[in-house]
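Here is what each chain is made of, one letter per residue.
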Amino acid sequence: MLGDNLPQPSDVVNLYKSNNIGLMRLYSPDGGALNALRGSGIQVLLDVPNENLQNLASSPSAASDWVQTNVRAYSPDVKFRYIAVGNEVIPGDNAQYVLDAMKNINNALGNDLGGQIKVSTSVSMGVIGVSYPPSQGAFSGDAMTYMGPIVQYLGSTNAPLLVNVYPYFSYKGNPNSISLQYATFTSPSTVVQDGSLNYQNLFDAMVDSVYAALSQAGGANVPIVVSESGWPSDGGFAASVDNAGTYNANLVKHVGGGTPRKPGPLETYVFAMFNEDQKTGDPTEQHFGLFYPNQQPVYPKKIFVNVDAQTVGVCYGMLGDNLPQPSDVVSLYKSNNIGLMRLYSPDGGALNALRGSGIQVLLDVPNENLQNLASSPSAASDWVQTNVRAYSPDVKFRYIAVGNEVIPGDNAQYVLDAMKNINNALGNDLGGQIKVSTSVSMGVIGVSYPPSQGAFSGDAMTYMGPIVQYLGSTNAPLLVNVYPYFSYKGNPNSISLQYATFTSPSTVVQDGSLNYQNLFDAMVDSVYAALSQAGGANVPIVVSESGWPSDGGFAASVDNAGTYNANLVKHVGGGTPRKPGPLETYVFAMFNEDQKTGDPTEQHFGLFYPNQQPVYPVSF
């Protein structure tokens with residue numbers, strides 16, 4: 001907030017929401033910003049300013065007052081995620097107070113907030129004395145005197161170390177040895193080989209050197225959150241709009257897959273939201289913003305199309321006679337930081353409730369509409385006008401699923417023509433924003449084992465082949481409903497519960513060079529193989545449904561459902577063995593639905609009961 005021309009906090013919060021940014025770092029407990037955050041659903045990393053450390057370290061009552069004034073006064077309306085006790089504190093500059101201040105803040109949070117809010121400190125890469133090769137990463141001698149005890153404490157509280165990681169400064173300091181490509185995620189091949197690990201970008205190498213340092217300091221299980229990373233767009237060496245846009249866009253795409261040493265989502269905060277004209281020091285410091293103070297983006301290519309697209313959404317099924325009002329449902333999504341929703345029909349109440357929410361929507365065309373939309377471009381135009389244009393841009397449509405699990409003899413022959421007509425009806429204005437696809441079950445796969453041999457069945461190939469070709473031409477994903485539960489239920493003698501619920505301790509299926517430790521990955525990769533065989537090697541997959549029932553039948557329990565969905569949410573940020581990187585996935589479903597027919601388990605896939613109480617805890 002070091003600018004004299006920045007927007008009002010309420011406008012800033014709206015800018016975060018309109019760009020679907022669900023996490024914010026706030027460098028001091030500014031009352032205006034915290035009030036603006038009330039009810040927003042945005043989760044906050046809140047700093048304790050460095051100048052407060054000595055007082056908070058020496059006085060538990062001061063820490064209690066700080067928490068009361070800056071956290072309890074706003075909670076639960078404001079969703080606090082972490083408290084960073086100091087930012088880049090160095091020896092001789094209050095470093096000796098960090099740990100005691102952390103302990104006092106943690107104690108002040110108590111049992112009620114301490115389980116929700118993790119207390120840590122944010123460090124620069126300056127604490128690392130050895131960073132090359134990454135596997136030899138170690139804290140410097142000076143830093144180790146205070147970092148060692150901090151690392152031990154973080155391990156005891158299950159909190160991450162917050163690290164500010166800037167390849168820009170490393171590149172600026174040594175451009176003869178570090179290439180711009182290596183620094184901006186654009187190197188075409190491995191640059192650093194470190195044992196069995198390959199490094200194609202400097203960011204990963206820097207983060208992994210901190211992981212190695214943590215391990216040497218007895219914190220092998222302490223995770224990392226990247227609390228700052230960015231690139232300046234002006235003001236000095238290699239600081240340009242092109243370089244900054246390239247770095248930040250690639251950073252956002254990359255961190256969902258983690259690092260060579262630690263695959264999986266790496267929570268990362270881009271620095272910063274705005275150019276700040278009152279920052280001192282090097283002129284580049286005033287030009288790290290993603291936005292100008294007038295809220296216009298700095299980069300010509302709007303990286304926020306990708307920046308904040310969340311990995312995990314939830315399906316909003318409405319087959320119940322006791323479900324909450326749509327406005328309450330939207331509030332429940334927001335309060336749980338769920339930024340993606342699948343909606344199985346264009347329900348007007350739900351769409352109106354979604355206006356201005358920032359939640360991105362996967363909207364279904366119901367199967368019964370397919371024949372009409374396939375045969376009549378004007379009917380498709382009317383459908384888009386009524387169900388999409390009437391709500392856009394207030395509602396953020398992401399995909400349209402033309403039919404769900406349509407099978408041969410059940411309107412499958414109409415899917416492709418309906419997709420084409422819907423796509424044409426979206427026109428140039430909406431067609432670039434909204435991808436049109438169809439949602440299929442694993443029933444379209446004839447061969448799924450081993451995953452590398454995945455292929456569509458003969459019957460399915462007659463209509464899936466042309467659909468795959470069309471998706472390739474429109475750069476749209478195939479939507480796939482993936483349920484390890486049903487595979488396990490159908491064959492429990494050959495499939496273990498551990499393999500089905502992401503809890504297997506080791507590889508279960510070895511497929512060439514790829515190792516499968518869970519059934520979900522194997523199923524998804526069999527579809528990737530089938531796409532490749534059908535000429536769609538570049539067609540991505542979005543998992544449009546996955547879940548596990550908590551009651552009603554074989555292996556349907558709260559424990560199994562909670563285990564599966566919690567692990568699913570954690571896992572998909574890292575992708576699959578065949579396709580590493582974030583795999584967008586929609587959990588089925590938001591609620592238990594008492595009017596669903598079929599197997600009794602169908603009524604028990606909800607994350608929440610209709611009274612909005614969780615069936616089991618799952619964190620988004």
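Within every chain, residues take consecutive numbers counted from 1 along the sequence as written. Restriction of local features to residues with pLDDT of at least 70 applies here, the model being predicted, together with a cutoff of 80 or more for giving and counting side-chain atom pairs; totals for whole chains, interfaces and linings are based on all residues. Side-chain measures were taken over the full set of non-hydrogen atoms in the model, leaving aside hydrogen atoms and water.

Test applied: UniProt positions are given in the numbering used here, feature names are shortened, and annotations may be inferred rather than shown by experiment.
The chain goes by Glucan endo-1,3-beta-glucosidase in an unreviewed UniProt entry, where it is assigned to Acorus gramineus. Recorded in UniProt for the chain, the comment headed Sequence similarities (unreviewed entry) runs: "Belongs to the glycosyl hydrolase 17 family."

### Examining the overall build of the chain
Selection rule: The helix count covers DSSP runs of H or I at least four residues long, the strand count covers runs of E at least two residues long, and both are numbered beginning at the N terminus. For a compact globule the rule gives 2.2 Å times the number of residues to the power 0.38, and the radius of gyration it is set against comes from C-alpha atoms. Buried residues are those whose accessible area, probed at 1.4 Å on protein chains only, stays under 20% of the maximum for their type, while exposed residues exceed 50% and partly exposed ones sit between those limits. Residue burial considers only the protein chains on display, and all accessible areas are found by Shrake-Rupley using a 1.4 Å probe. When charges are counted, neither His nor the chain ends are considered; positive counts come from Lys and Arg and negative counts from Asp and Glu. Here the site of a charge means NZ on Lys, CZ on Arg, CG on Asp, or CD on Glu.
Scanning the chain from N- to C-terminus turns up 21 helices and 23 strands. For 620 residues, the compact-globule formula gives about 25 Å, and the C-alpha radius of gyration of the chain, at 25 Å, lands near that figure. Looking at the 620 residues of the chain, the share that counts as buried comes to 55%. Total accessible area computed for the chain in this model is approximately 24,500 Å², and 46% of it derives from carbon and sulfur atoms. Charge centroids of the chain, computed over 28 positive and 47 negative side chains, lie 2 Å from each other.

### Brief notes about the pairing of strand β1 (residues 23–26)
Test applied: Note on pairing: two strands pair once DSSP finds at least 2 bridges between them. Seen with the strands pointing away from the viewer, any crossover whose path from the first strand over the helix to the second strand runs clockwise is right-handed.
Bridging between β1 and strand β2 (residues 43–48) involves four bridges; their strand directions are parallel. Of the residues in β2, the one forming a bridge with leucine 26 is leucine 46. Handedness of the crossover is the feature at issue here: the chain leaves β1, passes through helix α2 (residues 31–37), returns alongside β2, and the resulting connection is right-handed.

### What about the pairing of strand β14 (residues 360–365)?
Each regular strand displays side chains that alternate between the two surfaces of the sheet. Counting buried residues in β14 gives six out of six residues, a clear majority hidden from the surface. Here β14 shows no split at all, with Gln360, Leu362 and Asp364 on one side and Val361, Leu363 and Val365 on the other all buried. At this point the chain moves from strand β13 (residues 340–343), through helix α13 (residues 348–354), to the parallel β14, and the crossover so formed is right-handed. By the bridge criterion, six bridges tie β14 to strand β15 (residues 396–404) in an arrangement that is parallel. Following the sheet pairing, leucine 362 is matched in β15 by tyrosine 399.

### Thoughts on unusual backbone geometry
What you tend to see is this: most non-glycine residues have negative phi, and most peptide bonds are trans. Following tyrosine 132, the chain continues into proline 133 via a peptide bond in cis, with omega recorded as -10 degrees. The residue proline 133 is located in the loop between β5 (128–130) and β6 (138–139) in this model. A cis geometry characterises the amide bond from phenylalanine 588 onward to alanine 589, with omega recorded as 5 degrees. Locating alanine 589 in the fold gives a position in the segment after β23 (585–587). Even without being glycine, phenylalanine 185 reaches a positive phi, approximately 65 degrees. Within the fold, phenylalanine 185 resides in the loop between α8 (180–183) and β8 (192–194). The exposure class of phenylalanine 185 is buried, given its relative accessible area of 15%. Backbone geometry at asparagine 337 places phi at a positive 60 degrees, although glycine is not the residue there.

### Topic: the nonpolar core
Keep this limit in mind: Residues grouped as a nonpolar core are buried Ala, Val, Leu, Ile, Met, Phe, Trp, Tyr and Cys residues, joined through side-chain atoms within 4.5 Å. Every residue pair with non-hydrogen atoms within 4.5 Å of one another is taken to be in contact.
Among the nonpolar cores identified, the biggest contains 109 residues, and Val388, Ile400, Met464 and Phe520 are the most heavily contacted of them. The biggest single contributor to this core is helix α20 (residues 519–533), with nine residues. In this view, valine 388 contacts Leu363, Trp383, Phe397, Ile400, Leu426, Leu430 and Ile434; residues no more than four positions away in its chain are not counted. In terms of nonpolar packing, the next biggest core, distinct from the first, is built from 93 residues, Tyr74, Ile83, Tyr153 and Phe203 among them.

### A few points about the packing of aromatic side chains
Selection criterion: Centres within 6.5 Å make a pair out of two Phe, Tyr or Trp rings, where for Trp the six-membered ring is used; the pair is then stacked when the planes are under 30 degrees apart, edge-to-face when over 60, and tilted otherwise. Charge-over-ring contacts are defined here by two conditions on Lys NZ or Arg CZ: a distance within 6 Å of the ring centre and an angle within 35 degrees of the ring normal.
The final tally for this structure, using the stated rule, is 28 aromatic pairs. The interplanar angle of 65 degrees and the centroid separation of 5.2 Å between the aromatic rings of tyrosine 485 and phenylalanine 486 together place this pair among those described as edge-to-face. The class for tyrosine 485 is buried, based on a relative accessible area of 0%. Within the aromatic cluster, the residues linked to one another by ring pairs are Tyr27, Tyr166, Tyr168, Phe169, Tyr171, Phe185, Phe203, Trp231, Phe237, Tyr247, Phe271 and Phe288. Positioned above the aromatic ring of tyrosine 211 is the side chain of lysine 262, whose terminal nitrogen or guanidinium carbon lies 5.6 Å from the ring centre.

### Some thoughts on the pattern of salt bridges
Note the following rule: When a carboxyl oxygen of Asp or Glu is within 4 Å of a side-chain nitrogen of Lys or Arg, the pair counts as a salt bridge.
By the definition in use, this model includes twelve salt bridges. The residue glutamate 267 makes a salt bridge to arginine 81 at a minimum N-O spacing of 2.8 Å. Placement of the pair is glutamate 267 in the loop between α10 (241–254) and β11 (268–270) and arginine 81 in strand β3 (residues 79–87), with a sequence separation of 186 residues. Residues joined by salt bridges that share partners form a network here, namely Arg25, Asp47 and Glu228.

### As for the sheet that holds β23
For clarity, the threshold we go by: All axes here are fitted lines through C-alpha atoms, helices being fitted over the stretch that makes contact, and every angle between N-to-C directions spans 0 to 180 degrees.
Read around the closed barrel, eight strands run β12-β13-β14-β15-β16-β19-β22-β23, paired in parallel fashion. Averaged over all neighbouring strand pairs, the angle between strand axes comes to 25 degrees, with direction disregarded. Pairing of strand β22 (residues 541–546) with β23 involves two bridges; the strand directions are parallel. When the sheet's bridge partners are listed, valine 543 is paired in β23 with threonine 585. Its contacts with the sheet put helix α12 (residues 326–335) on β12 (312–316) and β13, and the angle it makes with β12 is roughly 160 degrees. Here helix α15 (residues 377–389) sits on the sheet in contact with β14 and β15, set at roughly 150 degrees to β14.

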